[in-house]
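Letter by letter, the chains look like this.
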Amino acid sequence: MGMAPIIKTENLRKYYLAYKIGLLDRLFGKKPAWVRAVDNVSIEIEEGETLGLIGESGSGKTTLGKLLVTLEKPDGGKYYFMGEEVTEDKIPWVRQQVAMVFQNPYSSLNPRMSVKDIISEPLGHFDEGRVREAMEMVGLNYREHGNKRPRELSGGQVQRVAIARAIVKRPRFIVLDEPTSALDASLQAQVLNLLMDLKEELKLTYLFITHNLAVAYYIADRVAIMYAGKVVEYGDVDEVFKKPMHPYTQLLMKSIPTIGRKTLEPPTGEVPSLINPPPGCRFNPRCPYVMDICREREPEMLSVDKRKVACWLYK
Amino acid sequence: MTKQVVKRRVGGFAVSIWSWIKLISKDPAGLLGLIIVTAFILWSIIQGTLELLASYLKDPGLGWLLLPYNPFAQNLAGAFQLPSWVHLMGTDYMGRDLLSEVLYSIPYSAAYPAFLVVLSAILIGAVLGISAGYLGGWWDEVLMRVTDAFLSIPAIILAIAISVLLKASFTGMIYSFIIVWWPIYARLFRAETLRVKAMDYIAAAQLYGVSPLRLFFKYLFINTIDPIIAYAMLDFGNVILAASILNFIGVGLQPGLPILGEMASEGVSWGFPRYWWWALFPSITILIIALGFVLLGDRLQDIIGGRAAY
Amino acid sequence: MLLSIRNLFVGYKTVMGTLHVLDDVNLNVDKGEIVGIVGESGSGKSTLGQAIARVLPGNAVVSGRIMVDGVNLLELSEGEMEKYRGTTVFMILQNPFTSLNPVKTVGYQLMEAARIRMVRSGERYSEDRAYEMAIQALKDLRFPDPEVIMLRYPHQLSGGQIQRVVLAMSLILKPKILIADEPTSALDVTIQAQVINLFKELSREMESAILFITHDISLAYVISTRIVVLYAGRIMEDGDVESIIREPMHPYTQGLIAGVPDLSKFVSGRVKLQSIPGNPPSFLDLPSGCKFHPRCPYVKDICKVQEPPLTRHNNRVIRCWLYGGG
């Protein structure tokens, strides 16, 4: 594993307008409301590692993934790729070296293009040799599958095409957004194992986004847990799973159905609004250990051993 | 149900055409529409080609090679003959065989306006609608307001007004139709573009730096056109009817050539009710052609919309 | 035996011929049991639920018997089946946002359910009583302000809340058979856990025979008393939840359990996930003999030629030549 962080963000922010403001709305003084999808996130990913980004819907994990491949532009904070700050003019350079694999295999491929054209697209021109190679690496056959359309393939095969497309130009960094969530159970293991093999072979770095803790445990070296647009815990995967520190992480682990344990112990309450998050720590309405300070001030990211936690319990 | 499709030995495209035909035919109305439209298109192609060759090679005889009679041949003595085995649709006021006139006029009274207008409207609508849907912002707002304005006025009235302004000729009529017809296609393309824009493969294309032209054709246009095809089928019938209506009131005519709508108009003004066939047959022809498109288009919309029973 | 399914076959007529989906489905469910029907997409599990509720699409072909308290549901006319829906058979669907009528309030819909319950039990309808029943059901589902929720429209609720409203409906209706078709798949992990806990609590109160359809075997473990494994439209294994998980007999079940990432596996360091090679088959092109044979590590010659029947081994029902077949 390399030493230098290939990806580094500092207080990265991305807000979306909650609704459109038209001419008349402006006349009547309607104030814009912002969805704080990613709110001051600072993380690092080292070269060659897999960072598991864990969160439920509305946690901001997909938005963070898109920010890192420059599909979205941040509203605040800094993003460093390979040590260089990513400004507007650097975006094409970053895009040369990154790729993304999306959750729904069928909607991530153009239904009207053949498999070989889809895989060749990132290259800018058709290159049979490299397409063949990429297909072989993911376990597909150029002659058999090359001319097919996505709808003629099964879910597992389609996701392999998406992976082949992601690796065809040998990127350094790939964001995988729930790549196995839409797949059948019996195919998940196949694709996860394939991803791990490819990472070794091609010396890749992964950001693996998932809501499934077990998958994250299987594939990640370090994990970052996101809640309501913020990273609440961050550290080595074995440590975090054996001794989760943040109350949300602890409750999340008790909410996942696990063979051998018949009871689930989830947190109470609903997922928070991203437009009007609770004051102070975003998790405070649902936290079993809530204290007064939690309702008043947002906790900073504290370092405990090699772990980072954003929780007043550890001050 | 998994998404695999059985591979057949026959080429994939031919199989799908045949299975479309089977699907359409399951509904009797759809089948009738299919038959009428196929006959109409085949006839227009064959007869239209003959007419073009005739004028190009300066051999008018080619134009009525397949017709029972020369549609221009006058025979004043044999004017206003009742429909009979000799003249299946009777003769008009100049003694010309009505059936030959009708068949001769089908390509340019019906087929050319329909295809010219609809295809142009699709092209213009695609460019404007897709760009508006994809780029959004003020361009989208402008387009929406413009199409709103056009769509709030009944198409025929607008077409007539513009035609008259542009001189009441055939080309004037075609241009006025295209002006009136494109807004709905722009709206349809825009709506489909909004749906397609949300797909991950568009995000992937952006990420991999696909050129705008390629994005337009291979990603947006080709994936948005499906519902438009079914709608266009119905629309061919609309254009044929609208063109005939304009022809009926004297707009969009081509001097010297028999035109379905004009024949119907003359038949009604001068030959009705005594020489009823002169009004009836051209009108029925227009009706049947338009009906064919409506039945076929309806069935296609049912199939594409998933309402078809197998 | 409350629900008894015998030799159920379901096919669909399509442009490309008749798809054979479910075949030789034999299943008994008693009241109070929660049977987890585990299958991947394309296993026919949703079709099974829809067949019992008789809400299959128009091009479906069905044969066999679905006996509820001695009545074969498949022989009922549509009008007679209407009277069975709600109080005899009730179904909870996967997508919460299309489960409720969007133009009626929650209160209206719950009271409608109460009215159906009352009419079918021979009680006289009383609006006050219906309101009471609705409020009580919402309280049981842990809604803090039931009176407020009664006035809400579905679009004002979150996915988890809608599923709880639907659960409240089933509490009111007290159906004999409750079919839950992936009711929590569209929900967030923590919300799913909340809904599952409520589901378990209330299933005891309802005394229904519950079929919980899911693709997630870990979830099936948590919620079921019994697990039925479905593959390519056939039941492959059927047994008590603890023993089937600890000692799966069918190679497919074994493969499923070994291949699914589950925290229990990783307790002492990471274990490589075993994957089942190949893909689940399409119903257009089912393999001969045993439908699992192309992917089975223990395949024998007979598996390729003849489909094994369902046989009983102690408390397990299994379809596999490894265990004989009579």
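Quick note: structure is the one above.
All figures in this text were calculated on a predicted structure; none of them were measured in a lab.

### Section: the environment of Ala-242 of chain B
Residue and element names in this part refer to chain B. Among the structural elements, Ala-242 can be located in helix 9 (residues 226-248). What makes Ala-242 buried here is the crowd of 25 C-beta atoms within 10 Å. For the pair formed by Ala-242 and Ile-160, sequence separation is 82 residues and the distance between their alpha carbons is 9.7 Å. Not counting chain neighbours up to four residues away, the residues in contact with Ala-242 comprise Ala-155, Ile-156, Ala-159 and Phe-177.

### Description of the pairing of strand 2 (residues 17-29) of chain C
Every regular strand shows the same layout, with side chains that alternate between the two sheet faces. Residue and element names in this part refer to chain C. Where strand 1 (residues 3-14) meets strand 2, 9 bridges bridge the pair, whose relative direction is antiparallel. By the bridge assignment, Ser-4 is partnered in strand 2 with Asn-28. Between strand 1 and strand 2, which follow one another and run antiparallel, lie 2 residues.

### Some details on the interface of chain A and chain B
Contacts between chain A and chain B engage 18 residues on the former and 18 residues on the latter. Among the residues forming the side of chain A that touches chain B, the class breakdown is 8 nonpolar, 5 polar and 5 charged.

### Structural notes on the packing of helix 8 (residues 185-202) of chain A against helix 10 (residues 251-259) of chain C
The interhelical angle for the contact between helix 8 of chain A and helix 10 of chain C, taken along N-to-C directions, is 50 degrees, at an axis separation of 8 Å. On the basis of their axis angle, the class for helix 8 of chain A and helix 10 of chain C is oblique. Along this stretch, helix 8 of chain A crosses helix 10 of chain C, giving a crossing that reads as left-handed. The residues of helix 10 of chain C that touch helix 8 of chain A, namely those facing Ala-185, Ser-186, Gln-188 and Ala-189 of chain A, are Gly-255, Leu-256 and Gly-259 of chain C.

### Points about the sheet that holds strand 11 (residues 230-236) of chain A
Residues and elements named next belong to chain A. The 8 strands lie next to each other as 7-8-9-4-10-11-13-12, forming an open sheet whose pairing is mixed. Unpaired on one side and paired on the other, strand 7 (98-101) and strand 12 (302-304) mark the two borders of the sheet. The average undirected angle you get between the axes of adjacent strands in this sheet is 20 degrees. Note that strand 11 and strand 13 (residues 307-309) share 2 bridges and pair antiparallel. Its bridge partner lying in strand 13, Tyr-234 is registered against Lys-308. Across the face of the sheet, helix 2 (residues 61-68) comes into contact with strand 4 (50-54), strand 8 (173-177), strand 9 (205-210) and strand 10 (222-227) while running at roughly 155 degrees to strand 9.

### Focus on the packing of helix 3 (residues 98-135) of chain B against helix 8 (residues 212-224) of chain B
Residue and element names in this part refer to chain B. Remark: helix 3 packs on helix 8, axes separated minimally by 11 Å, with the N-to-C direction vectors making an angle of 100 degrees. Classed by the angle they form, the pair helix 3 and helix 8 counts as roughly perpendicular. Contacts between helix 3 and helix 8 pair Ala-126, Ile-130 and Tyr-134 from the former with Phe-216, Leu-220, Phe-221 and Thr-224 from the latter. The residue makeup of the contact of helix 3 with helix 8, split by class, is 6 nonpolar, 1 polar and no charged.

### Here's the deal with helix 8 of chain B
Residues and elements named next belong to chain B. Of all the positions in helix 8, only Tyr-219, Leu-220 and Thr-224 are classed as buried. Seen from one end, helix 8 has its buried residues packed into an arc of 100 degrees, which puts them on one side. Facing away from the buried side of helix 8 by more than 90 degrees, the exposed set consists of Leu-213 and Phe-217. In the core, the buried residues of helix 8 are packed alongside helix 3, helix 6 (170-197) and helix 7 (200-207).

### A few points about the nonpolar core
Counting residues in hydrophobic clusters, the biggest one holds 266 residues, and the most contacted among them are Ile-174 of chain A together with Ile-172 of chain C. A total of 18 residues in this core trace back to one element, the largest contributor, which is helix 3 of chain B. Residues contacting Ile-174 of chain A, with those up to four places away along its chain left out, are Val-98, Ala-99, Met-100, Val-101, Ala-166, Leu-204 and Tyr-206 of chain A.

### Quick word on the interface of chain C and chain A
Facing the 34 residues of chain C at the interface are 33 residues of chain A. With 6 residues, the top contributor of residues to the side of chain C that touches chain A is helix 7 (residues 189-206) of chain C. Looking at the side of chain C that touches chain A residue by residue, the class counts come to 16 nonpolar, 13 polar and 5 charged.

### Some thoughts on the sheet that holds strand 9 (residues 226-231) of chain C
Residue and element names in this part refer to chain C. Across the sheet, which stays open at both edges, the 8 strands sit in the order 6-7-8-3-9-10-12-11 with mixed pairing between neighbours. On the outer flanks of this sheet lie strand 6 (89-92) and strand 11 (311-313), each paired with one strand and no other. Each adjacent strand pair in this sheet contributes to an overall mean axis angle of 20 degrees, direction not counted. Sheet topology places strand 3 (residues 34-38) next to strand 9; 4 bridges connect them, and they run parallel. What sits directly across from Gly-36, in strand 9, is Ile-227. Strands in contact with helix 1 (residues 45-53) are strand 3, strand 6, strand 7 (177-181), strand 8 (209-214) and strand 9; relative to strand 7, the strand with the most contacts, it is inclined by about 150 degrees.

Thresholds, definitions, all that
Residues numbered from 1 in each chain as written. Chains lettered and ligands numbered in written order. Predicted model: local features only at pLDDT ≥ 70, side-chain atom pairs only at ≥ 80, totals over all residues. Helix = DSSP H or I, 4+ residues; strand = E, 2+ residues; numbered from the N terminus. Buried ≥ 20, exposed ≤ 12 C-beta atoms within 10 Å, placed from the backbone. Contact = placed C-beta atoms within 7 Å. Pairing = 2+ DSSP bridges. Nonpolar A, V, L, I, M, F, W, Y, C, P; charged D, E, K, R; others polar. Axes fitted to C-alpha atoms, helices over the stretch in contact; angles between N-to-C directions. Parallel < 35°, antiparallel > 145°, perpendicular 65-115°, else oblique. Left-handed = near helix turned anticlockwise from the far one by under 90°. Arc of directions from axis to C-beta. Core = buried A, V, L, I, M, F, W, Y, C linked by C-beta atoms within 7 Å.

None of this, on its own, says anything about what the molecule does.
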